Amino acid sequence: MPVGFIYSNETYALGYNIYSMKTNLRSLSKTELIQFIEQMGQKPYRAKQIINWLYKRLANSFDEMTDLSKEFRADLEKKAYISNLTLLQKQVSRDGTEKFLFGLEDGESIESVVIPNTKGEASYSLCISSQVGCAMKCLFCRTGGLGLKRNLRSYEIVNQVISSKRLIGKGEITNIVFMGMGEPFNNFKEVRDALMKITELIGYSKRKITVSTSGIVPGIKKFGDEGPDVNLAISLNASTDESRTMIMPINKKYPLENLMKACREFPLAPRRRITFEYVLIGDINDSSEDARRVTSLLKDIRAKVNLIPFNPVGSSTGLKKSSEGRVLKFQDIINKAGITTMIRKSKGSDISAACGQLKAGYK
Ligand code: SAH
Ligand code: SF4
């Protein structure tokens, strides 16, 4: 039975599919993969070759692994398979941003976005998803409107990197951000396993990867304790509990005081900073008082701030963009307090690939 037709997520829980008993090689950690190859009666260096094919040369089938003998490849074909994402749709924005809609093995779909670092150059940042949908229900975010469908498995997260690399061809992905669909710390284990694969097997430096959270305090602590120490971003988005709870319901459970305490206690590596993302919504969180309160919240934290003009996503929430004047004033106040503050240009909005617009759905 072809793997693509198995419709149960549990099927993959053990890393193999119970119908064919084939092991999904991309579900295995480095150690597990070496063991698997050894159990096939092969020399350890064969595992290295396979890792190289799977994670560096981005092979999607055993046929591509031309430096392995025909017999070994046939044996692999019998015992193992390589899970892949299916590209269902690709959209290219005027500014060069590309959005990929990927199909998963159970028929769900997710989105990943590649954003050019500099206009006209084939070097990109990749924005990936950690869940199908999201349970957090932030008022301004389109993914939140979907609710949570399910967690992604680590290999489904890693496959977004692999498939995107394949799709951009000669281009290069320099940075990876977990800012697509989903709340990474609600899927902690799989996100951590994915980070291990992205760093150890694909070879990305930890400082080129950023995980963004809506502020799940126990997740921030666990992440600080257990790592891996990739960059941390917090979606702050408000300066008072009242306004934050209104737009981010998670703030009821983990109010600003607890959130900022977790940030202050976070074991930041030398020369690193925590990024605070702040979506500017007209008359909700964009006043000068808000900006001043943000600077006091961030006191004693090595922080930088990313201001994101709100992206109206065709919702009926009545939320609106901040005016340019208010955005600049907000930036100025925080900058003057000595905190680096950038305004993030909303790229890919013409193809609904900008922040908060991701909403996988295939019609
Ligand atoms: N769930 C995680 C990561 C994904 S959301 C988190 O919330 O941090 C990634 C970023 O997109 C967050 O900073 C969020 O605040 C921002 N975002 C969501 N909806 C948006 C919108 N409509 N306009 C602009 N930014 C938005
Ligand atoms: Fe989920 Fe992040 Fe969107 Fe909030 S902003 S609903 S946490 S994806």
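Caption draft 1: A look at the site of ligand 1. Of all residues adjacent to ligand 1, which total 21 residues, the nearest are Phe 140, Gly 182, Ser 212, Ser 235 and Asn 311. Contact between ligand 1 and Asn 237: an oxygen atom at 3.2 Å from a side-chain N or O atom of the residue. Of all the secondary structure elements, the ones that give two or more residues to the shell around ligand 1 are β11 (209-213), β13 (274-280) and β14 (303-309). Looking at the shell around ligand 1, its residues break down into ten nonpolar, nine polar and two charged.

Caption draft 2: Focus on helix α10 (residues 256-264). Within α10, burial applies to Leu 256, Leu 259, Met 260, Ala 262 and Cys 263. An end-on view of α10 places all buried positions within 155° of arc, on one side of the element. The elements touched by buried residues of α10 are α7 (217-226), β12 (231-235), α8 (241-247), α9 (250-253), β13 and α11 (288-297).

Caption draft 3: Region of the structure containing unusual backbone geometry. In this model, Gly 227 is joined to Pro 228 through a cis peptide bond whose omega is 0°. Counting through the fold element by element, Pro 228 comes out in the loop between α7 and β12. For Asn 237, which is not glycine, the phi dihedral falls at a positive 65°. Looking at the element boundaries, Asn 237 is found in the loop between β12 and α8. Positioned with a positive phi, Arg 271 is a non-glycine residue whose angle comes to about 65°. With respect to the element layout, Arg 271 can be found in the loop between α10 and β13. Under the relative-accessibility criterion, Arg 271 is labelled exposed at 78%.

Caption draft 4: A look at the site of ligand 2. Every residue near ligand 2 is listed here: Cys 134, Met 136, Lys 137, Cys 138, Phe 140, Cys 141, Gly 144, Gly 182 and Ser 214. Each residue belonging to the shell around ligand 2 can be placed in one class, and the counts come to five nonpolar, three polar and one charged.

Caption draft 5: Quick peek at helix α6 (residues 188-202). Taking 1.5 Å of rise per residue, the 15 residues of α6 would be expected to cover 21 Å, and the 20 Å separating its terminal C-alpha atoms lies within 8% of that figure. On its buried face, α6 is in contact with α1 (30-39), α2 (44-56), α5 (154-167), β10 (172-178), β11 and α7. Just past α6, the residue Gly 203 takes up positive phi, approximately 105°.

Caption draft 6: Broad picture of the confidence of the model for the chain. Scored by pLDDT, the chain has a mean of 92; 93% of the residues are at 70 or more. In the predicted structure, residues 1-14 sits below a pLDDT of 50 and forms 26 contacts with residues beyond four places in sequence or in another chain.

Caption draft 7: Highlighting the domain arrangement of the chain. Examined at the domain level, the chain breaks down into domain 1 (4-81) and domain 2 (86-351). A C-alpha centroid distance of 32 Å is found between domain 1 and domain 2. At the junction of the two partners, domain 1 supplies 21 residues and domain 2 supplies 16 residues. There are one salt bridge connecting domain 1 and domain 2. In this structure, Glu 64 and Arg 166 form a salt bridge, with 3.7 Å as the shortest nitrogen-oxygen distance. Inspection of the region where domain 1 meets domain 2 yields five residue pairs in polar contact (both at pLDDT 80 or more). Considering each element in turn, the side of domain 1 that touches domain 2 owes the most residues, four residues, to α2. The residue inventory of the side of domain 1 that touches domain 2, partitioned by class, reads eleven nonpolar, six polar and four charged.

Caption draft 8: Seen up close, the pairing of β14. Of all seven residues that make up β14, six are buried, and the element is covered over most of its length. Pairing of β13 with β14 involves seven bridges; the strand directions are parallel. Looking at the pairing, Ile 274 lines up with Ala 303 of β14. As a crossover connection, the stretch from β13 through α11 into β14 is right-handed. Where β14 lies against strand β15 (residues 341-343), three bridges are found, and the strand directions are parallel. Counted as the bridge partner of Leu 307 is Ile 343 from β15.

Caption draft 9: Inspection of the sheet that holds β12 at higher detail. Ordered in space as β4-β5-β6-β7-β10-β11-β12-β13-β14-β15, the ten strands form an open sheet in which the pairing is mixed. Both outer strands of the open sheet, β4 (86-92) and β15, are each paired with one neighbouring strand and no more. The mean angle between the axes of side-by-side strands here comes to 25°, regardless of whether they run parallel or antiparallel. Where β4 lies against strand β5 (residues 98-103), six bridges are found, and the strand directions are antiparallel. Looking across to β5, one finds that Leu 87 is bridged to Phe 102.

Caption draft 10: Representation of the state of the cysteines. Going through the model one piece at a time under the given rule, you end up with zero disulfides. There is no disulfide at Cys 263, and the cysteine sulfur nearest it, in Cys 138, is 16 Å away. The buried category is assigned to Cys 263, whose relative accessible area is 3%.

Cut-offs used in this document
- In this numbering scheme, every chain counts its residues from 1 along its sequence in written order.
- Ligands are numbered from 1 and chains lettered from A, in the order in which they are written.
- Whole-chain, interface and lining totals are the exception, using all residues; otherwise, since this is a predicted model, local features are given only for residues with pLDDT of at least 70 and side-chain atom pairs are given and counted only at 80 or more.
- Computation of side-chain values: all heavy atoms of the structure, hydrogens and water removed.
- By convention in these notes, a residue is near a molecule or strand provided one of its non-hydrogen atoms lies within 4 Å of it.
- N or O atoms within 3.5 Å of each other form a polar contact, as long as, within protein, one can give a hydrogen and the other can take it, and as long as residues adjacent in sequence are counted only when both atoms are side-chain atoms.
- The helix and strand labels rest on DSSP assignments: H or I over at least four residues marks a helix, E over at least two residues marks a strand, and numbering proceeds from the N terminus.
- In the scheme used here, Gly and all other residues not listed as nonpolar or charged are polar, with Ala, Val, Leu, Ile, Met, Phe, Trp, Tyr, Cys and Pro taken as nonpolar and Asp, Glu, Lys and Arg as charged.
- A 1.4 Å probe rolled over the protein chains alone gives each residue an accessible area, and that area as a share of the maximum for its type sets the label: buried under 20%, exposed over 50%, partly exposed in between.
- Here the arc refers to the directions that run from the helix axis out to each C-beta atom.
- Should any heavy atoms of two residues lie within 4.5 Å, those residues are counted as being in contact.
- A helix's residues, less one, multiplied by 1.5 Å, set its expected span.
- Each residue carries a pLDDT score, the predictor's confidence in it, ranging from 0 to 100.
- Per the annotation, domain bounds derive from an automatic or database assignment of domains.
- Salt bridges are identified by distance alone: a Lys or Arg side-chain nitrogen within 4 Å of an Asp or Glu carboxyl oxygen.
- Strands are treated as partners if at least two bridges between them are detected by DSSP.
- Orient the strands so they point away from the viewer; a crossover is then right-handed if the path from the first strand over the helix to the second runs clockwise.
- In this description, a line fitted to the C-alpha atoms serves as the axis of each element, helices being fitted only across the stretch in contact, and the angle between N-to-C directions of two axes falls anywhere from 0 to 180 degrees.
- For this text, the term disulfide refers to a pair of cysteine sulfurs within 2.5 Å.

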